[in-house]
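Architecture at a glance
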Amino acid sequence: MYRKRKPHIGASPGTLAIPEGALPPSIRIMDYTPDRLDEQEMVAVSDLAAYLVSDSVTWIDVHGLGDEAVLRELAECFRLHSLLLEDVVHVPQRPKYETHEGHDLLITRMISQKEGGEIDWEQVSVIIGEHYVLTFQERAGDVLDPVRERIRRGKGPMRRSGPDYLAYAIVDTVIDAYYPVLERLGDHLEVVEEEVIANPSNATIGRIHRLKRELISFRRTIWPQRDAINALIRGDENHVTDPVRIYFRDSYDHCVQLMDVIESYREMAGGLLDIYLSSLSNRMNEIMKVLTILASIFIPLTFIAGIYGMNFDNMPELHAHYGYPLALLAMAFTAGG
Amino acid sequence: MYRKRKPHIGASPGTLAIPEGALPPSIRIMDYTPDRLDEQEMVAVSDLAAYLVSDSVTWIDVHGLGDEAVLRELAECFRLHSLLLEDVVHVPQRPKYETHEGHDLLITRMISQKEGGEIDWEQVSVIIGEHYVLTFQERAGDVLDPVRERIRRGKGPMRRSGPDYLAYAIVDTVIDAYYPVLERLGDHLEVVEEEVIANPSNATIGRIHRLKRELISFRRTIWPQRDAINALIRGDENHVTDPVRIYFRDSYDHCVQLMDVIESYREMAGGLLDIYLSSLSNRMNEIMKVLTILASIFIPLTFIAGIYGMNFDNMPELHAHYGYPLALLAMAFTAGG
Amino acid sequence: MYRKRKPHIGASPGTLAIPEGALPPSIRIMDYTPDRLDEQEMVAVSDLAAYLVSDSVTWIDVHGLGDEAVLRELAECFRLHSLLLEDVVHVPQRPKYETHEGHDLLITRMISQKEGGEIDWEQVSVIIGEHYVLTFQERAGDVLDPVRERIRRGKGPMRRSGPDYLAYAIVDTVIDAYYPVLERLGDHLEVVEEEVIANPSNATIGRIHRLKRELISFRRTIWPQRDAINALIRGDENHVTDPVRIYFRDSYDHCVQLMDVIESYREMAGGLLDIYLSSLSNRMNEIMKVLTILASIFIPLTFIAGIYGMNFDNMPELHAHYGYPLALLAMAFTAGG
Amino acid sequence: MYRKRKPHIGASPGTLAIPEGALPPSIRIMDYTPDRLDEQEMVAVSDLAAYLVSDSVTWIDVHGLGDEAVLRELAECFRLHSLLLEDVVHVPQRPKYETHEGHDLLITRMISQKEGGEIDWEQVSVIIGEHYVLTFQERAGDVLDPVRERIRRGKGPMRRSGPDYLAYAIVDTVIDAYYPVLERLGDHLEVVEEEVIANPSNATIGRIHRLKRELISFRRTIWPQRDAINALIRGDENHVTDPVRIYFRDSYDHCVQLMDVIESYREMAGGLLDIYLSSLSNRMNEIMKVLTILASIFIPLTFIAGIYGMNFDNMPELHAHYGYPLALLAMAFTAGG
Amino acid sequence: MYRKRKPHIGASPGTLAIPEGALPPSIRIMDYTPDRLDEQEMVAVSDLAAYLVSDSVTWIDVHGLGDEAVLRELAECFRLHSLLLEDVVHVPQRPKYETHEGHDLLITRMISQKEGGEIDWEQVSVIIGEHYVLTFQERAGDVLDPVRERIRRGKGPMRRSGPDYLAYAIVDTVIDAYYPVLERLGDHLEVVEEEVIANPSNATIGRIHRLKRELISFRRTIWPQRDAINALIRGDENHVTDPVRIYFRDSYDHCVQLMDVIESYREMAGGLLDIYLSSLSNRMNEIMKVLTILASIFIPLTFIAGIYGMNFDNMPELHAHYGYPLALLAMAFTAGG
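On a predicted model such as this, the values are computed, not experimentally measured, just so you know.

1. Digging into the interface of chain A and chain E
Taken together, the 58 residues of chain A in the interface contact 59 residues of chain E. Interface area for chain A against chain E, summed over the two sides, is near 5400 Å², with a carbon-plus-sulfur share of 62%. Considering only the surface of chain A that becomes buried against chain E, A:Gln257, A:Phe303 and A:Phe312 emerge as the three largest contributors, covering 12% of it. At the boundary of chain A and chain E, one finds eight salt bridges. In this structure, A:Asp253 engages E:Lys96 in a salt bridge whose closest nitrogen and oxygen atoms are separated by 2.6 Å. Seen at the junction of chain A and chain E, the total is 15 residue pairs in polar contact (both at pLDDT 80 or more). Elements supplying a minimum of two residues to the side of chain A that touches chain E: helix H4 (145–153), helix H5 (163–176), helix H6 (178–198), helix H8 (242–307) and helix H9 (316–319) of chain A. With 35 residues, H8(A) is the largest single contributor of residues to the side of chain A that touches chain E.

Below is the structure:
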């Protein structure tokens, strides 16, 4: 569930509610031109002003949202709207794109999967200005190291392009990270599919349900992300140049592909449920068949035995010499019938 | 269900039908400039004219819809269209936004949850004029005290802004109040989910049904509210200034988030039903399995016992010394099989 | 089902097929200005020409569609297109709005519910001209008496307004009449809901099915009516003035509210079916549980009794003094187990 | 299923694949002005040129698609695009509307129902030129005789209007013919509905399935037909004049009505399935109840009988004088319980 | 599932990941004017420059994507954007249409069905330039031989038209190849339908599930292909001339037809599931009926036999002369009842 924006109902739109257990912000910058790269960690907010004036591209990367004073200082430095700051701090927010005066905001959600298969979401807020990209992340550790590496290596278009290309590189990497997680989900779907067909058990329905829940949450994330990127591409007064728009169009295509895959998975998961329910009915039929066959054989037999267990004085069959074997024979015939 | 507008079919559009048991209107005003605040309760309608002329922002807050004369006086004072007055009085109405000459109407629905978890809806009609905001509520008691407190404190943009910002603050607070109720609904959904998986009973289906009903009614309320706010944002000839439009855009985003959450809940509630039905089938299978196993063991045994209970004269087994233990052994073997 | 337009396949578009058993048309007029009212029944078509020339507003109300000659005379008098005349005569038609030269056509469907709860639909075709409103109804008796009363009383805006306001009053009253019928449907839904939860029987599914059918037919009627009114509001070259457009907007809102209610009812009716089906499964489970418990207790007991009913010579238990009570005790233990 | 357009994959768009068993084309013309009518059968293609030059309206009606040479000659005479010719010949095609240079194409599907209730579809391709209408049908025999009769009679607007009105008359008659077939389908639906409620059998599900299939195929035909007529109405550079557009609007309304009816039928057919499934469950419940009641009565009784059939030496009850009647009484009490 | 675009998360957009086991590219060209045809296999990239300058139409057909160097050489020669090259190499991609500077890209998916019925997809990327069409295929062997044959024969519009017509011919042939595969799927659907109605077995549900999966994957392919062709038709700044647009409109119609067929199949497959589930319930009912009838007959009989197997001293019936036959008669009557 997305987060309610305010510490309490009716709070003023300027109020921040620092998430519990949030780490203090740590600022890292990469400032580059085609020719040089200046990389620094643990920068103070007061040192940022210099970078904003220069023509070089600066990536200000903020990890941790745990100190209101630092965040407000940042907001003042970059002239961020109080609502924008709230969207950044009050994680998780629905992915969206907004233009503001002097910069654009793109809220994305970054995925990472731990060893045990547990999925972990983190909000990455990307603010694109004229000479800078400002990103906010909930905590240290992200999937963006390849982007940093590309800036360091200085090959490819990265160092020669503006902050819009850097923003693209970040968003594209965030989307790239969905693929392996979704692939594993697809593998899991196939495992469950085989289980449903070959050996459905009581736990299967729970597995299908969990799969569906994960697919729902995936779709709820990628759908607005797609819309946000589309709004960015179609926006005509933002900080994205036409050549980079082609790159964002590519990111958009990836979101569409992911949606397609998720929809297919959802339809398949729905089909699994049908198979599961019909397998339950089938198994019931099997059980009942066994019972019925058993009953059809033994109930008449027991009845015959009952007859000859009666104590009437005058039962000629009982005294016949071959009465017993004949009765057994009659039973065998009945059972055969 | 929304209310039919008229006291009887075909009544003239000017006719009012005061809701039964409605309290007489009580008018409260807050009149403020950046420098001063004038707050009064139980104001007479005749005293309002003075506030409308002045440049200060005035919030006229009407509680109770129980006196037609007062309402008509108010309508005349603010030049409200007779249809607008009906929408205000004939609660509940579907949330909507309309521009009228001289003012705009936004109908919202305020939620409040009592101790026992019972949800209570109340219509708040917000009329935005050039220097005033006029709100109508069904009864005393609302979630808007934080807004009043912010006006009194005089910090933040509230006192420096116009009536459009005040209207935003009201609407935003109304929407804020949805979050905790929806959160509790989400908690309830999880409780039911656990129940369905661990221990489904006869009452579970009723609980799922009630959950779904509440989600339907929630959606029916938030969906038109979202559309109404969107219409307000896109309206180009209303009393909302551009800086405040950004704030309303934020309220719109919140409605979209709420819709997202509700849709997810609905899909999950639908999934719970599938699990419930399959658990019923599963339990049936279990029961039938028990019955079948029992029958498979004892029916043949009883048959064997029946055979040796027959009274044929000539049954050699009966007279054999070890007949009885051998028969018991045969039974044990059969049961084992 | 809507009616095929022609007496036979491929008939010329001018051909009329008078509905079987249709009554001969009876024309009633109300001709009014703010100052005077002229009301007449059983007017001849030839007398209508005079009213069309005058500036006063004239409501020509035709009941009964049973005489082709009169209808054609009317069509000629008001210059009605032959297709329009067909739509008027070949009831029922789907509600729709069309502009024609000199007048606009709005086809609506009027509801009335008899004592026994039976719903009765009737087509009301409203033709709005420059100085007149011409309505066609299938038979005498309608819900429009309050409109006539308002004209007679002469209060409110009715007598001071043009034919567009009269048309609004008619359409609004037709829509007003849906509310009580839908309310009763809602009550019925609640009754069925209680029945499903408390005491589902064989007839319940039939009741749910009938409810759904009625909701479908309701939706099929209101949906196009909403579209028709919307087309009327958006039409820029028709006989509706801007102030009256606000009133029609209100009628549109009512249609939207009704659609909302119907959709909610449909979702609930769908949910009832799920509850019903699960209650069937539940009851089956109960039945099977009873059977299985019974079988679990008595089948082993009968088996024990069977053993000691065997006639082996050498069964020491049979001759033991406490054999019988011990056997009974064994049975009691088994049953307890 | 619609037909693949080409004799083999990748054939040139000019290639025709004459349908197997297609009859050779037979051309019939009706050439008329308000004053005279010239009707001829078995016209040669070479004679058509004269008609195209004259100002009279000419309906060239081609039955049978079995001779490529004649079809190509026709195409050359009327300057038909090779793709248009393919659409005409490669029946069935999806209904559609296309403007071409010098003429417009409207592909419709004509229905006819044989005595046995079997539905028969046939493609009617209508090409509207400046002075002519050219129709292609798969075989002789159609529902268009009333149109021919109207031309012959010379009354009504037919003879005074252009080829666009003729095209309307043809399309309208094709649509008219859907009504009786759909009505019969509705009657059939009601029969099945009664069967499901009163006396559902094993064959019922098959009947519901066939009904749904027919409704699907109906919808697949009428939906694109509606779109095609709408495209014709909105097309601003075609051979349809404004007065005739009103007539086509009427045809469009009929398609919308038919879609409405079909959708209602589909929802009802879906509801029948639910009733059927619940009736299966109900019947199962009935069967199980019978079994369980039977078992509850007789299993305990049989057990009691078993007890007194035991052969213990020391069973005092056996020797009591009233032992037997008391045992029977005990059984009667048990059964009563 | 569509392929992730990059060799690893966050790789630079220029990076290529050659698919495993991909064959080295082999280039084949067909260069033609109305008068002459120059066809060559195994052309080196360096030889292509000459063809690009000339006015003749050149089809450069690349099979195999296994050599990054060659692909990059080609990209440089045709000035392909690095993202375009990625889309070409990283198969499979979702079908799409994009305009680039100097050329347009249309990604399609080619189907082929092997003897055993196995469906095989292959990506065909079509790049349309001013004088050339450049196609990339994953491997040798395709369905495009008829197109090559048509170029060689030199009849029809092929040799007289530009590269846009050639692109159309390729796309049209790719779409043509869907028809027979879909027809076979339809045949398979009918087989399963008969099986479900006549003789549903445990494996049937698996067959229905596989059918649905194939239909899902078909739809996922054709849907975006339709959109891509539509975008191409509506694009106003691409290399497609108006006369060829008519041909592409025809391809679009074919995609729409295919979608229609697939949707019908999907609805039918969904209906099959309902029939299957109801047949399971039906069979269960049959089994239970047998069991119940059997039990109803024999349980009372066995009870009667049990009564007369009791060992009470005082049972007068036992000593009656006709006791036994009367008891048998009583049993026969009971069974009859």
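The discussion continues.
2. Describing the arrangement of the chains
Contact between chain B and chain E is absent, and the least distance between their C-alpha atoms amounts to 9 Å. The least C-alpha distance between chain C and chain E, which are not in contact, is 9 Å.

3. Focus on the relation of the copies chain B and chain C
Each copy superposes on the other: chain B lies on chain C with an RMSD of 0.2 Å after a rotation of 72° and an axial shift of 0.1 Å. Both copies are brought into coincidence by an operation consistent with a five-fold rotation axis. For chain B, the residue whose C-alpha comes nearest the rotation axis is B:Gly309, separated from it by 4.6 Å. Interface residue correspondence from chain B to chain C reaches only 14%, placing this contact among heterologous pairings that use different surfaces.

4. Structural notes on the interface of chain B and chain C
Contact with chain B, which involves 59 residues of that partner, is made by 58 residues of chain C. Of the roughly 5400 Å² buried at the junction of chain B and chain C (both faces included), carbon and sulfur atoms supply 62%. Summed over the shared surface of chain B and chain C, the number is eight salt bridges. Ionic pairing is found between C:Asp260 and B:Arg94, a salt bridge with its closest N-O pair at 3.2 Å. Counting every contact that joins chain B to chain C gives 15 residue pairs in polar contact (both at pLDDT 80 or more). Listing elements by their share of the side of chain B that touches chain C, those giving two or more residues are helix H3 (82–89), strand E4 (96–100), helix H7 (204–234), helix H8 (242–307), helix H9 (316–319) and helix H10 (323–336) of chain B. Here the element with the most residues in the side of chain B that touches chain C is H8(B); it accounts for 16 residues.

5. Here we look at the sheet that holds strand E5 (residues 103–113) of chain A
Residues and elements named next belong to chain A. In spatial order, the strands read E2-E1-E3-E7-E6-E5-E4; together these seven strands make up an open sheet with mixed pairing. In this open sheet, the two edge strands, each paired with only one partner strand, are strand E2 (37–40) and strand E4 (96–100). If you compare each strand with its neighbour and ignore which way they point, the axes differ by 15° on average.

6. Comments concerning the environment of A:Glu68
Residue and element names in this part refer to chain A. Positionally, Glu-68 belongs in helix H2 (residues 68–78). Among the residues examined, Glu-68 registers a relative accessible area of 31% and is labelled partly exposed. Remark: the alpha-carbon pair of Glu-68 and Pro-25, spanning 43 residues in sequence, is separated by 9.3 Å.

7. Observations concerning helix H6 (residues 178–198) of chain C
Across its 21 residues, H6(C) extends 30 Å between first and last C-alpha, which sits within 8% of the 30 Å expected from 1.5 Å per residue. Close packing links the buried residues of H6(C) with H7 of chain B together with strand E5 (103–113), strand E6 (119–128), helix H5 (163–176), helix H7 (204–234) and helix H8 (242–307) of chain C.

8. Topic: the sheet that holds strand E3 (residues 57–63) of chain E
Residue and element names in this part refer to chain E. Pairing is mixed in the open sheet, where seven strands are placed in the order E2-E1-E3-E7-E6-E5-E4. Each having just a single partner strand, strand E2 (37–40) and strand E4 (96–100) make up the two edges of the open sheet. Taken pair by pair, the neighbouring strands of this sheet meet at an average axis angle of 15°, ignoring direction.

9. A closer look at the packing of helix H5 (residues 163–176) of chain E against helix H8 (residues 242–307) of chain E
Residues and elements named next belong to chain E. Where H5 contacts H8, the two axes come as close as 10 Å, and the packing angle between them is 15°. In terms of orientation, H5 and H8 fall into the roughly parallel class. In the packing of H5 onto H8, the handedness of the crossing is left-handed. The residues of H8 that touch H5, namely those facing Asp-164, Tyr-165, Ala-167, Tyr-168, Val-171, Asp-172 and Ile-175, are Val-244, Tyr-247, Phe-248, Asp-250, Ser-251, His-254, Cys-255 and Leu-258. Among the residues making up the contact of H5 with H8, the classes are represented as ten nonpolar, two polar and three charged.

10. Regarding the pairing of strand E7 (residues 132–137) of chain D
Residue and element names in this part refer to chain D. Burial runs high along E7: six of the six residues are buried. The alternating pattern of E7 places Tyr-132, Leu-134 and Phe-136 and Val-133, Thr-135 and Gln-137 on opposite faces, both of which are buried. Relative to E7, strand E3 (residues 57–63) runs parallel, the two sharing six bridges. The residue bridging Asp-61 from the neighbouring strand is Thr-135, located in E7. Taken together, strand E6 (residues 119–128) and the strand that follows it, E7, pair antiparallel across an intervening segment of three residues.

11. Considerations on a nonpolar patch on the surface
Where nonpolar side chains cluster on the molecular surface, the patch consists of A:Tyr322, A:Leu326, A:Leu329 and A:Phe333 and spans about 510 Å² of accessible area. When you line up the elements, A:Phe333 lands in helix H10 (residues 323–336).

12. Observations concerning the packing of aromatic side chains
Within the structure shown, the criterion is met by 45 aromatic pairs over all chains. Three or more aromatic residues joined by ring pairs form one cluster here, namely A:Tyr165, A:Tyr168, A:Tyr247 and A:Phe248. For C:Arg226, the ring lying beneath its charged end belongs to C:Trp223, and the centroid distance is 4.7 Å.

13. Description of helix H4 (residues 145–153) of chain D
The periodicity of an α-helix, 3.6 residues per turn, causes residues three or four positions apart to be oriented the same way. All names here are of chain D. Among the residues making up H4, those that are buried are Pro-146, Val-147, Arg-148, Arg-150 and Ile-151. The elements touched by buried residues of H4 are strand E1 (26–32), strand E2 (37–40), E3, E7 and helix H5 (163–176). Following H4 by one or two positions, Gly-154 adopts a phi angle in the positive range, close to 75°.

14. Side note on the side chain of A:Thr204
Residues and elements named next belong to chain A. On the secondary structure map, Thr-204 appears in helix H7 (residues 204–234). Reaching out from Thr-204, the side chain makes a polar contact with the side chain of Glu-195 at a distance of 2.8 Å. At 2.8 Å, the side chain of Thr-204 forms a polar contact with the backbone nitrogen of Ser-201. Excluding residues within four positions of it along the chain, Thr-204 makes contact with Glu-195, Val-196 and Tyr-276.

15. Examining a negative patch on the surface
All names here are of chain A. A cluster of like negative charges, contributed by Glu-183, Asp-187, Glu-190 and Glu-194, occupies part of the molecular surface. Position of Glu-183 among the secondary structure elements: in helix H6. Exposure remark for Glu-183: the relative accessible area of 38% places this residue in the partly exposed category.

16. Some points on the packing of H7(C) against helix H8 (residues 242–307) of chain D
In the contact formed by H7(C) and H8(D), the axes pass within 11 Å of each other and the chain directions differ by 170°. It follows that H7(C) is roughly antiparallel to H8(D) by the angle criterion. Across from C:Ile205, C:His209, C:Lys212, C:Arg213, C:Ile216, C:Arg219 and C:Arg220 in H7(C), the residues of H8(D) making contact are D:Asp260, D:Glu263, D:Ser264, D:Glu267, D:Met268, D:Gly271, D:Leu272, D:Asp274, D:Ile275 and D:Ser278. Partitioned by chemical class, the residues of the contact of H7(C) with H8(D) number five nonpolar, four polar and eight charged.

17. Some words on the pairing of strand E1 (residues 26–32) of chain C
All names here are of chain C. Most of E1 is tucked away, with six of its seven residues classed as buried. Examined bridge by bridge, E1 and strand E3 (residues 57–63) share seven bridges and lie antiparallel to one another. By the bridge assignment for E3, Ser-26 is matched with His-63. As paired strands, E1 and strand E2 (residues 37–40) are joined by four bridges and run antiparallel to one another.

18. Observations concerning unusual backbone geometry
The omega angle of the peptide bond from D:Val91 to D:Pro92 is -10°, so this bond is cis rather than trans. Mapping D:Pro92 onto the fold places it in the loop between helix H3 (82–89) and strand E4 (96–100). Within the chain, E:Arg79 stands out as a residue other than glycine whose phi angle is a positive 55°. Its location among the elements puts E:Arg79 in the loop between helix H2 (68–78) and helix H3 (82–89).

19. Comments concerning the confidence of the model for chain A
Of the residues in chain A, 98% reach a pLDDT of 70 or more, and the chain-wide mean stands at 89. This prediction of the complex comes with two scores: 0.87 for pTM and 0.84 for ipTM.

20. What about the environment of C:Asp61?
Residues and elements named next belong to chain C. Mapped onto the elements of the fold, Asp-61 is located in strand E3. Separated by 55 residues in the primary sequence, Asp-61 and Gly-116 have C-alpha atoms spaced 29 Å apart. Ignoring sequence-local partners within four residues, the contact set of Asp-61 consists of Ser-26, Ile-27, Arg-28, Thr-135, Gln-137, Asp-142 and Arg-148. Side chain to side chain, Asp-61 and Thr-135 meet in a polar contact 2.7 Å long. Among the polar contacts made by the side chain of Asp-61, one reaches the side chain of Gln-137 at a distance of 3.3 Å.

So, how was this worked out
Counting restarts for each chain, with residues numbered from 1 along the sequence as it is written. Written order decides the labels, with chains lettered from A and ligands numbered from 1. Owing to the predicted nature of the model, reporting of local features is limited to residues with pLDDT of at least 70; listing and counting of side-chain atom pairs is limited to 80 or more, with chain, interface and lining totals taken over all residues. Calculation of side-chain values draws on the structure's entire complement of heavy atoms; hydrogens and water are dropped beforehand. Whether two residues touch is decided by their heavy atoms; if any such pair falls within 4.5 Å, the residues are in contact. Two parts placed together each lose some accessible area under a 1.4 Å probe, and the buried area is that loss summed for both. Throughout this description, the term salt bridge denotes a Lys or Arg side-chain nitrogen within 4 Å of a carboxyl oxygen of Asp or Glu. In protein, a polar contact means a hydrogen-donor-capable atom and an acceptor-capable atom, both N or O and within 3.5 Å, with residues adjacent in sequence counting only if both atoms are side-chain atoms; elsewhere, any N or O pair within 3.5 Å suffices. For helices the rule is a DSSP run of H or I covering at least 4 residues; for strands it is a run of E covering at least 2, with both sets numbered from the N terminus onward. Alignment of copies: least-squares fit on C-alpha atoms of residues with pLDDT of at least 70 in both copies. Pairing between two strands requires that DSSP report at least two bridges joining them. For helices, the fitted axis covers only the stretch in contact; all axes are lines through C-alpha atoms, and the angles between them, taken along N-to-C directions, range from 0 to 180 degrees. Only protein chains enter the calculation, and the probe is 1.4 Å; a residue is then buried if its accessible area is under 20% of its type maximum, exposed if over 50%, and partly exposed in between. Expected span of a helix: the number of residues minus one, times 1.5 Å. For classification purposes, an angle smaller than 35 degrees is called roughly parallel, one larger than 145 roughly antiparallel, one from 65 to 115 roughly perpendicular, and anything else oblique. Left-handed describes a crossing whose near helix is turned anticlockwise from the far helix through less than a right angle; right-handed describes the clockwise counterpart. In this classification, Asp, Glu, Lys and Arg are treated as charged, Ala, Val, Leu, Ile, Met, Phe, Trp, Tyr, Cys and Pro as nonpolar, and every other residue, Gly included, as polar. To count toward a patch, a residue needs a relative accessible area over 30% and no salt bridge; like charges are then connected within 9 Å, while nonpolar side chains (Val, Leu, Ile, Met, Phe, Trp, Tyr) are connected within 5 Å. To be clear on the numbers: accessible area is Shrake-Rupley with a 1.4 Å probe, and residue cover counts the displayed protein chains and nothing else. Stacked, tilted and edge-to-face are the three classes assigned to paired rings of Phe, Tyr and Trp, where Trp is represented by its six-membered ring and a pair needs centres within 6.5 Å; plane angles under 30 degrees give stacked, over 60 edge-to-face, the rest tilted. Counting as a charge over the ring demands two things of the Lys NZ or Arg CZ atom: a distance within 6 Å of the ring centre and an angle within 35 degrees of the ring normal. By the counting rule applied here, Lys and Arg register as positive and Asp and Glu as negative, while His and the ends of each chain are not counted. Taken as the charge location is NZ of Lys, CZ of Arg, CG of Asp or CD of Glu. A residue's pLDDT is the predictor's confidence in that residue, given on a scale from 0 to 100.

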